[in-house]
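Here is how the chains run, residue by residue.
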Amino acid sequence: MVSEARDISWTANERGLIESVSPGARAHLGQRKAGPVHQPVFDLVHPGDLPAFRKRWTSVSGGVVTRESLQCRLLHTNLGWTWMQVTLTDMRDNPHVHALVCHALEITSAHQVTAIERRHGARFRAVFDQSAVPQFLCDLEGIVTEVNEAFSALLGTRREQLLGRPVRDLIHCSDGGRVNHALASLLQGTSESTQVPSVLRDRQDRPIPGLASAQVLREENGTVVGVSVVLNDLSELQAAEGRHRQQEQFFATMSQRASDVAIVADATGLMLYTSPGITKVLGYTPEDILDSEGWDFIHPDDVPAMRIQFARVAEGGETETATLRVRNASGEWRWMEETMHNCLGTPVQGIVCNLRDITERVAAEADLKASMLLYRTIAETVDEGLLLSTQDGTTVYVNERLGEILGLATDAIYAQRLDTILDDQHLQLKRDRTADGAGRGPQRFELSYDHPNGEQRTLQVVAAPIDLFADGRGGSLATVSDITRTRQLENELRRAALYDGLAGLPNRTLLMDRLKHALARESTGTAVLFVDLDHFKLVNDTRGHAVGDDVLVQVAARLSTSVRPQDTVARLGGDEFVVVCEDVDADAAASVSQDLIAVLNKPFSLATGPLQITASIGVAMSPPRSAEILVRNADTAMYAAKVAGRGRVQHFDSRLAAHTAERRELSVALDLALAKDELTMHYQPVIELDSGRVVGMEALARWERDGGVQVPPDRFVVIAEETGLAHRLDRWALRNALTGVSRLRAEHAVHPDSFVAVNLSARNLSNPELETDLLKWTEKANLSPCHVLLEITESAIMSDAAAAVSLLQRLRHVGFLIAVDDFGTGHSSLAYLRNLPLTTLKIDRSFVASIGENRNALAITRSIVDLATAMGFSVIAEGVETAQHAEMLRELGCHWAQGWLWSPAVSVSELRSAHTMVRRYDTSCADLFPLGQARQEALDGP
């Protein structure tokens, strides 16, 4: 493996003797033939790095760890020492290797970049590390050599996991090669900087879109050594463009009278004396200098300025300092710092000039200026204020963005301490801790700031210690961000998450939190009052939702002013409110409930006129100490109050508890029965009264539990409605009814032109998938929609009339038959009846059962038949149990009927054996019973 590899790799035994090397290793190490085989690996390591290398070699060869990595210098016979990233791996357990494997990656360029970074200085390094803008540096091979914390956070990867990786590994596949192409162009010297759209990837390979700004890094001699890349989110970049410009300028003053060379000149510039040190500094002997004009040794471009300064000193000035270029004995120009003192009136009788060679310093300053330009490019995108201060609080540097944030001129910020400007009593302590390096690392805090424009702002300050001066004196670098809008949005979101947007009351989340705390600290007892307005939907339907919202706001206000300040009033949604009363007993809770009933019974003043409305209240007392159970118990009691007649208070008691337990047990059992397909479908024939022919059948679900116990349909259907299982029950009924009828048709057990009627719950009328599912199931059963009658109750339609009308119109448009079940028992309006795409009205069995004895029932039945006839609907009467019922309905003009007179709902097996759906029934029974008075009067009309 190693012998064929092109990488820089070799294997060695436990003693460190090299056993094999890769061609890449031989090429890099300058070994063209056998290479360093049988040579100790330690001979290839630089002596300065050998202790660290031996330590990691011992750790791997001794079996302490299986892998170690370090940076060290390896010997190259042609190029000398080269920096390498070396990885040592124990592969002695691998039968194909059985050795320690060394793999090396050249990082000489990366070290050059690192050297430049050190020269850039600690000041801008701090800006780089603390910047919120993601940034990284790479070398000539495209290997990442440095990243800041923001870049690590952006990729969700630790810094040490990013260093040493190729940049291409960080690029998402959707980038299209833009970043790689841009870096290649920069490293080839095509351009100095560029800016391209980029798409990086995080540790989950998710794309991170942004804008990459890249800048070439150069050595002192101009050699390209790497690239600096700044990454910005596009939206943040656009928002930040043009808003801030950062000025980076640091001033340093160096003053020192003692110099390496001392020269005494007369008032004309003739040199009279020079110290022996001139030979070491400039290469001249004192004899070469004496009696010479000083101007002859100064660069021609510097002579005019130096003559002016020298004249000022000679004319009585005390001291002046100048920087100039002086030619040494080799003819090279050296930068010198010269301090001139007027000693003409002293025994010296001349101008004393002290000179120091500052050539290296000038070169370093040039490098610093170049690095400042580089880091200024990085820092220009920072949308933060920057302030650099000494340990005593003196401001050294301020950027313009800080002035914009504080609403002050930068001069005003320089004139004051930051803690004075911000008027924060804790900032002084935090600044001191940062400046002296206590708890080394950034200090983050927030504070309020009175902006000069009168606004209250929230600022975030991040302060970190920094080595400010070369003599070791430190300071701190503070970044200041205006997070006012961010905190405002957070507060708005927090309130939206905890409060109702209409009434301003706590919502369910905050209610449950407060209730849990109340139960945890209660002493006497906690009461939950579940308040629900009676027939509130009628308010929305008749007066509009705006009026309904006004009512809800007024209800919230009445409830809030009718309870104690420590009580909680919450709105769960719609017209449901909950009141939590702490430290009350049952009597107190009952009293509060009655007070609320009385308060809500008072008329509401509305734009459309006064409104009288009632409320039903359910009361539950602790224990239990579960907030969820307590609210559920109060909800159960509230529904019991509605059943009992509305406008009253119902307390949760043992009877309701037993009912709740039974409902919960039946709900779980029904859920399981639906999952196991344990329900069965029975069918009841629909008879044409004139002919006795079966025109259709109603599909009715039946549930027999273990042990043969039959659960009444009206019981488990209600459970399904209350517990959210109605949707699944409807889907089961529709699928099974359509599939069952399809099979019965194939067996000729039903007439091919008869319909099947299936009941739909109110919840399914808002199900967006119902229409698609119905068409799919009907087509799969080879049925036409015109043979499927969908039965919906009036109450189901009126629960959301607009949605119901829209859905039913679409279903009718594709051919489905639509019937209103139990017509006359609900509260639908004739306006909606006019707009509904109905084909059938079903007369409720409660009217049919008493048409022979009750004049009103017969009159209502006759009105329904007349209404249906006038609107072109067919009529089905339910619950026909006697021949008298059948005859009276036929004489009233009712088309179809169903009931036990002919057949109950029967199972599929009984339907087949008894030919229930294909036989003809006898309906000619008019002479079998006398006409009652009520029947005769109803038939005769008024």
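Residues numbered from 1 in each chain as written. Predicted model: local features only at pLDDT ≥ 70, side-chain atom pairs only at ≥ 80, totals over all residues. Heavy atoms only, no water.

Student: How do you make sense of the overall build of the protein chain when you look at a structure like this?
Tutor: For the protein chain, the count of helices and strands is 34 helices and 34 strands. The buried share of the protein chain, reckoned over its 942 residues, is 48%. Of the contacts made within the protein chain by residues no fewer than 6 positions apart, 57% connect residues no fewer than 24 positions apart. Within the structure as shown, the protein chain displays about 45,400 Å² of accessible surface, and the carbon and sulfur contribution to it stands at 51%. (Helix = DSSP H or I, 4+ residues; strand = E, 2+ residues; numbered from the N terminus. Buried < 20%, exposed > 50% of the residue type's maximum accessible area, 1.4 Å probe, protein only. Contact = heavy atoms within 4.5 Å. Areas by Shrake-Rupley, 256 points an atom, 1.4 Å probe, with all protein chains shown as cover.)

Student: Hey, could you run me through the sheet that holds strand β3 (residues 67-76) in this one?
Tutor: Taken in spatial order, the 5 strands of this open sheet run β2-β1-β5-β4-β3, and their pairing is antiparallel. One side of each edge strand has no neighbouring strand; the edge strands of this open sheet are β2 (18-21) and β3. For this sheet the average axis-to-axis angle between neighbouring strands, irrespective of direction, equals 30°. Judged from the 3 bridges that link them, strand β1 (residues 8-12) and β2 form a sheet pairing that is antiparallel. (Pairing = 2+ DSSP bridges. Axes fitted to C-alpha atoms, helices over the stretch in contact; angles between N-to-C directions.)

Student: What is the right way to read empty space enclosed by the protein from this model?
Tutor: Take a probe with the size of a water molecule and roll it over the atoms, and the empty space left behind shows itself. Under the definition given, this model contains 8 cavities of 30 Å³ or more. There is about 260 Å³ of room inside the largest cavity. Ile263, Met271, Gly294, Ile298 and Glu338 are, among the 20 residues lining the largest cavity, the residues nearest its centre. At the level of elements, β11 (261-265), α9 (277-282), α11 (303-314), β13 (319-327), β14 (333-343) and β15 (350-357) are the ones that each hand at least two residues to the lining of the largest cavity. Here the lining of the largest cavity is built from residues that sort into 17 nonpolar, 2 polar and 1 charged. (1 Å grid on protein atoms, 1.4 Å probe; cavity = no way out; pocket = protein on both sides within 12 Å on 5 of 7 lines; lining within 4 Å. Points joined across faces, edges and corners; volume = space filled by probe spheres on them. Nonpolar A, V, L, I, M, F, W, Y, C, P; charged D, E, K, R; others polar.)

Student: Would you mind showing me how to read the packing of aromatic side chains here?
Tutor: Two aromatic rings, taken as a pair, are described by how far apart their centres are and by the angle between their planes. Counted according to the given criterion, the structure contains 8 aromatic pairs. Judged by centre distance (6.1 Å) and plane angle (80°), the rings of phenylalanine 42 and phenylalanine 53 are edge-to-face. Linking phenylalanine 42 in the loop between α1 (23-28) and α2 (50-61) with phenylalanine 53 in helix α2, this pair joins segments that are 11 residues apart in sequence. Relative accessible area serves as the criterion here: at 12%, phenylalanine 42 is assigned to the buried category. (Phe/Tyr/Trp six-rings, centres within 6.5 Å; stacked < 30°, edge-to-face > 60°.)

Student: Hey, could you run me through the pattern of salt bridges in this one?
Tutor: When the charged atoms of two side chains with opposite charge come close together, those side chains can pair. Counted according to the given criterion, the structure contains 38 salt bridges. Salt-bridge contacts for glutamate 337 lead to arginine 361; the nearest nitrogen and oxygen are separated by 3.5 Å. Linking glutamate 337 in strand β14 with arginine 361 in helix α12 (residues 359-379), this pair joins segments that are 24 residues apart in sequence. Owing to a relative accessible area of 25%, arginine 361 belongs among the partly exposed residues under this scheme. For aspartate 773, the salt bridge is made with lysine 776, and the minimal N-O distance between the two is 3.8 Å. Of the two residues, aspartate 773 and lysine 776 are both situated in helix α26 (residues 770-780); the distance of 3 residues between them amounts to about one turn of the helix. (Salt bridge = Lys/Arg side-chain N within 4 Å of Asp/Glu carboxyl O.)

Student: Would you explain the sheet that holds strand β9 (residues 207-218) in this entry?
Tutor: Strand pairing in a sheet takes place through backbone hydrogen bonds and is either antiparallel or parallel in direction. Taken together, the 5 strands give an open sheet; going across it, the order is β7-β6-β10-β9-β8, and neighbouring strands pair in antiparallel fashion. Where the open sheet ends on each side, the last strands, each with one partner, are β7 (144-147) and β8 (193-201). When the angles between neighbouring strand axes are averaged without regard to direction, this sheet yields 30°. With 3 bridges joining them, strand β6 (residues 135-139) and β7 adopt antiparallel strand pairing. Across the sheet, the residue bridging to phenylalanine 136 is valine 147, located in β7.

Student: What exactly am I supposed to notice about the pairing of β15 here?
Tutor: Walk down a regular strand and you will see the side chains alternate between the two sheet faces. Burial runs high along β15: 6 of the 8 residues are buried. As defined by bridge partners, β11 adjoins β15 across 5 bridges and the pair is classed as antiparallel. Across the sheet, the residue bridging to valine 261 is leucine 355, located in β15. Summarising the sheet, β14 and β15 pair through 8 bridges and their orientation is antiparallel. Pairing of methionine 336 across the sheet is with aspartate 357, part of β15. Hairpin remark: β14 followed by β15, antiparallel, with 6 residues in the connecting loop; positive phi at glutamine 349, about 60°.

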